[in-house]
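# Tertiary structure, described
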Amino acid sequence: MTSCRIDGIRHGRGAGTLALLCIAAALALPARAAAAFKVVTTTEGLAALASEVGKGRAQVESLSRGVQDPHFVDANPMLAVKLRNADLLVDVGLELEIGWLPPLVNQSRNPDIQPSGKRRLTAATAISVLDVPRGPVDRSLGDLHPAGNPHFLTDPRRALQVATAIADRLAALDPGGAQAYRANLAEFGKRLEADAARWQGQLAPAKGKKVFTQHRTLTYFFDWSGIDSAGEIEPRPGVPAPPSHLAELVQVAQREGVKAVLVEDYYDTKSAEVVVRHAGAKLVQLPGDVGAEPGVTTYEKYMDAVVSRVAKGVQ
Amino acid sequence: MRSLVVAALVAAAAPLPAPAQQAGGSAPAPSSSTPPTPAPPKAPMGSGQSDAERKKLEEQITRELGAAGAQPQAPAQPGTQPGAAPAAPGGGQPAAATGGSPFARLLLIPDISAIGSAAGAYDSYDVPSRSPRAGLYSPPSRPEFSLEELELGIQAVVDPYVRADVFISFSAEGVDVEEAYVTTLSLPASLQIRAGKFFSPFGRQNQQHPHIWDFVDAPLARNRLLADETLSGPGVELGWLAPLPWFAELKVAAQTTVPMAADSPEPTAVARLLQYFSLSDATTLGVGLSGARRREGAGAFRDLGGADAYLRIRPLNTRAYLALQGEVYLRRFRGVEGLDAGTEHGWWTQAFWRMNPYWGYGVRYEEAPAAAVDVTGTERRIGAVVTWFPSEFLRLRLQPSYDRVGGRDGFEALVHLEFGIGAHGAHPY
């Protein structure tokens with residue numbers, strides 16, 4: 001097994017510790033247990049999709065919680081411990097997790113979950129990306145995502161594409177469960193198809209209507225539902241709104257008949273409330289992800305909440 | 001030193017599994033924005049093979065290839081770099097790659113960043129004679145502006161086995177390669193090796209670059225007992241993440257260090273045990289123990305000890321947090337003429353409250369052995385900091401402090417501007 005050569009170093013204590021380390025390391029080698037297939041995701045939305053696909057076989061855990069703003073998760077080393085034994089890491093990509101995931105992956109000592117490793121699936125590679133900036137990009141545009149908009153799970157079509165990618169990868173890594181994963185996916189796809197028809201029905205009266213959002217989190221939802229965005233409360237991503245911008249939004253709202261301001265519950269609503277008050281619109285708070293509110297425990301329940309609140313808010 | 005690294009790498013790489021036969025190459029191609037019906041996934045290659053059979057085959061192949069040459073691990077399958085590839089224009093199909101990607105060179109450029117800091121200082125007393133230290137200060141009672149530092153960071157993955165991180169500092173003292181090291185990415189048994197020049201794994205703050213400190217300057221005790229800037233040097237480090245349900249990492253390093261300007265380069269052994277515990281969803285506690293022994297000529301040593309703690313409280317649904325931390329340092333010279341005066345010690349503790357994304361407030365208290373020309377005993381300093389973050393990439397700080405040593409008082413005020421541009425790798429916790 002591992003041979004540890006410590007010749008060439010003559011610090012008494014250093015050599016002793018090295019030898020001890022080697023023994024301990026050798027003991028720790030058969031680390032990957034044959035138990036359940038461990039899937040770790042960066043967000044609860046991805047975890048919900050992985051749970052659908054891996055039902056009965058995979059053990060799924062999310063690094064962040066639905067109540068958290070996924071842009072600003074702490075790179076807490078406790079999360080590296082979860083990554084150490086991950087059989088598959090599913091991340092969103094498009095630099096959503098750039099501020100916290102890379103150091104955790106490096107700390108985890110899990111070589112296969114490095115970017116493009118065989119146990120790493122970046123969900124963004126499974127979908128067509130929107131809001132890709134054209135032309136030169138710099139930070140005067142705010143804290144934008146230079147590779148495109150990473151908030152794509154609010155579109156059930158894309159959610160299914162991601163679920164399909166997860167199923168494919170699970171089947172490749174865990175061939176014994178391939179059949180189960182495919183069956184789960186087919187069943188989830190069928191359910192989602194029925195859900196989507198129902199959701200489209202709920203949103204039909206809202207089609208073509210205009211709304212504001214806090215951050216560009218709902219581009220894909222609009223792409224799917226046919227609702228239009230009239231702008232964002234943040235003048236630029238991550239930049240707080242000055243009064244001049246809010247005043248402009250109020251005018252836009254009056255001119256274009258904006259009825260609702262959609263804000264995920266991890267955002268402060270102070271600026272949105274100002275616009276709502278002056279424009280006579282409604283503030284609609286949405287769960288930011290699966291797990292953001294009690295009861296929002298699955299992807300379908302999450303979309304149920306988003307769709308019904310938007311439909312009601314836009315009336 | 002170098003041969004040790006190579007030996008360790010070879011030893012570690014040898015028992016690695018050969019390339020996995022069933023590459024997980026079924027990542028779905030980006031599909032267009034039309035709603036898909038889930039296509040029946042294709043059967044993964046080699047799905048009939050059991051793990052045990054594959055393992056056996058691997059062992060056989062390893063034997064066939066002979067023990068002489070180390071077999072490097074197969075590179076990860078070249079996939080698209082997530083996020084880095086030039087994405088197709090919104091919603092459309094990727095353009096046909098006639099003549100290849102025009103972005104090829106861009107994609108290979110490492111992450112490059114620059115962090116600049118400029119400051120204004122006012123001190124009511126003569127710092128070099130009363131409280132000699134590194135960092136910002138002004139001549140007595142005369143405000144002074146300075147460009148403190150420009151840190152250039154160049155970071156990238158080198159190959160499938162290691163990544164490299166380089167930090168170059170430009171300051172009034174000249175240009176210095178602060179750190180330049182490679183880190184292994186695929187050693188087995190939870191091991192990781194760093195080699196090159198790096199900040200020693202001793203204590204909490206010693207491994208941080210100044211732009212992640214809450215306060216503008218380093219604690220006095222660190223300056224006086226560890227190193228006048230940072231305990232660092234060329235060498236090699238082995239880190240092991242223990243297979244425990246909490247985070248427990250042991251690091252041992254062998255480096256050549258020059259802690260103080262007057263010191264000559266000498267071999268130094270450093271060890272650090274760092275553990276993190278989750279006390280609740282919102283609360284994390286980190287505790288570290290460090291030790292180092294530096295040769296001080298024949299038969300003489302400088303022993304360093306340290307303990308540090310970090311407590312961070314951040315309710316999950318906010319960006320506000322409270323961070324409490326502190327460190328104790330011990331130093332003892334053994335067999336060094338004129339310096340066998342027992343164990344010296346110093347410590348600091350601070351609290352920082354990030355109220356919201358834009359404002360943060362901190363207080364710090366420190367004690368350190370006095371270093372004034374005419375005074376012995378303890379120097380005490382208390383300071384506060386007010387920080388404004390206009391964005392994630394800019395911060396402005398005001399830091400007043402009060403210093404007392406040998407019965408005399410000193411007042412200091414610092415204003416500090418710091419900006420970051422480019423792609424700077426995220427920092428560990």
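Before any of the text, the structure's been laid out above.
Read on for an overview of the structure. Keep in mind it's a predicted model, so treat the numbers as computed, not measured. (Residues numbered from 1 in each chain as written. Chains lettered and ligands numbered in written order. Predicted model: local features only at pLDDT ≥ 70, side-chain atom pairs only at ≥ 80, totals over all residues. Heavy atoms only, no water.)

### A few points about the packing of helix H8 (residues 243-256) of chain A against helix H9 (residues 270-279) of chain A
All names here are of chain A. Definition in use: All axes are obtained by fitting lines to C-alpha atoms, using only the stretch in contact for helices, and the reported angles, taken between N-to-C directions, cover 0 to 180 degrees. To qualify as a helix, a DSSP run of H or I must reach at least 4 residues; to qualify as a strand, a run of E must reach at least 2; elements of each kind are numbered from the N terminus. Any angle that falls under 35 degrees is termed roughly parallel, while one over 145 is termed roughly antiparallel, one within 65 to 115 roughly perpendicular, and all others oblique. Each crossing gets its hand from how the near helix is turned against the far one by less than a right angle, where anticlockwise is left-handed and clockwise is right-handed. In what follows, residue pairs with any heavy atoms lying within 4.5 Å of each other are defined as contacts. Throughout, the ten residues Ala, Val, Leu, Ile, Met, Phe, Trp, Tyr, Cys and Pro are labelled nonpolar, Asp, Glu, Lys and Arg are labelled charged, and all others, Gly among them, are labelled polar.
Contact pair H8 / H9: the axes reach a minimum separation of 9 Å and the direction vectors enclose 40°. Between H8 and H9, the crossing angle belongs to the class labelled oblique. As H8 runs across H9, the sense of the crossing is right-handed. Where H8 abuts H9, its residues Leu246, Leu249, Val250, Ala253 and Gln254 lie against Ser271, Val274, Val275, His278 and Ala279. In terms of residue class, the contact of H8 with H9 is made up of seven nonpolar, three polar and no charged.

### Let's talk about the sheet that holds strand S5 (residues 210-213) of chain A
Residue and element names in this part refer to chain A. The line we're drawing: Should DSSP find at least two bridges between two strands, the strands are taken to pair.
If you trace the four strands from one edge of the open sheet to the other, you get S6-S5-S7-S8, paired in parallel fashion. Of all strands in the sheet, those bounded by a partner on one side alone are strand S6 (228-232) and strand S8 (282-286). When the angles between neighbouring strand axes are averaged without regard to direction, this sheet yields 30°. By the bridge criterion, four bridges tie S5 to S6 in an arrangement that is parallel. Residue pairing in the sheet places Val211 in a bridge with Ser229 of S6.

### Section: the layout of surface pockets
Residue and element names in this part refer to chain B. Let me state the cut-off plainly: Cavity and pocket criteria rest on a 1 Å grid covering protein atoms alone: a 1.4 Å probe that fits but cannot get out defines a cavity, protein on both sides within 12 Å along at least 5 of 7 lines defines an open pocket, and an atom within 4 Å of a point defines a lining residue. Grid points are joined across faces, edges and corners, and a volume is the space filled by probe spheres set on the points.
Computed from the structure, the second largest pocket encloses a volume of approximately 1,100 Å³. Taken together, 41 residues make up the lining of the second largest pocket; nearest its centre are Ala134, Ser171, Glu173, Glu178 and Glu229. Among the elements of the structure, strand S2 (144-157), strand S3 (162-171), strand S4 (174-184), strand S5 (191-199), helix H5 (220-226) and strand S6 (232-241) are those that each provide at least two residues to the lining of the second largest pocket. Counting residues per element, the lining of the second largest pocket draws most heavily on S2, which supplies six residues. For the lining of the second largest pocket, a count of residues per class yields 19 nonpolar, 11 polar and 11 charged.

### Observations concerning unusual backbone geometry
If you check the backbone angles, A:Glu95 has positive phi at about 65° while not being a glycine. Considering the arrangement of structural elements, one finds A:Glu95 in the loop between strand S3 (88-91) and helix H4 (101-108).

### Let's talk about a positive patch on the surface
Inclusion rule: The patch calculation keeps residues exceeding 30% relative accessible area without a salt bridge and links them within 9 Å when they carry like charges or within 5 Å when they are nonpolar (Val, Leu, Ile, Met, Phe, Trp, Tyr). Here the open area of atoms and residues is found with the Shrake-Rupley method and a 1.4 Å probe, where only the protein chains shown may cover a residue. Between Lys or Arg on one side and Asp or Glu on the other, a salt bridge is scored when a side-chain nitrogen of the former is within 4 Å of a carboxyl oxygen of the latter. In summary, the charge assignment counts Lys and Arg as positive and Asp and Glu as negative, without counting His or the chain termini. All charge positions are set by atom: Lys at NZ, Arg at CZ, Asp at CG, Glu at CD.
There is a patch of like positive charges on the surface, built from A:Lys209, A:Lys259, A:Lys282 and A:Lys312. Residue position: A:Lys209 is located in the loop between helix H6 (178-203) and S5.

In short, geometric facts, not functional conclusions.
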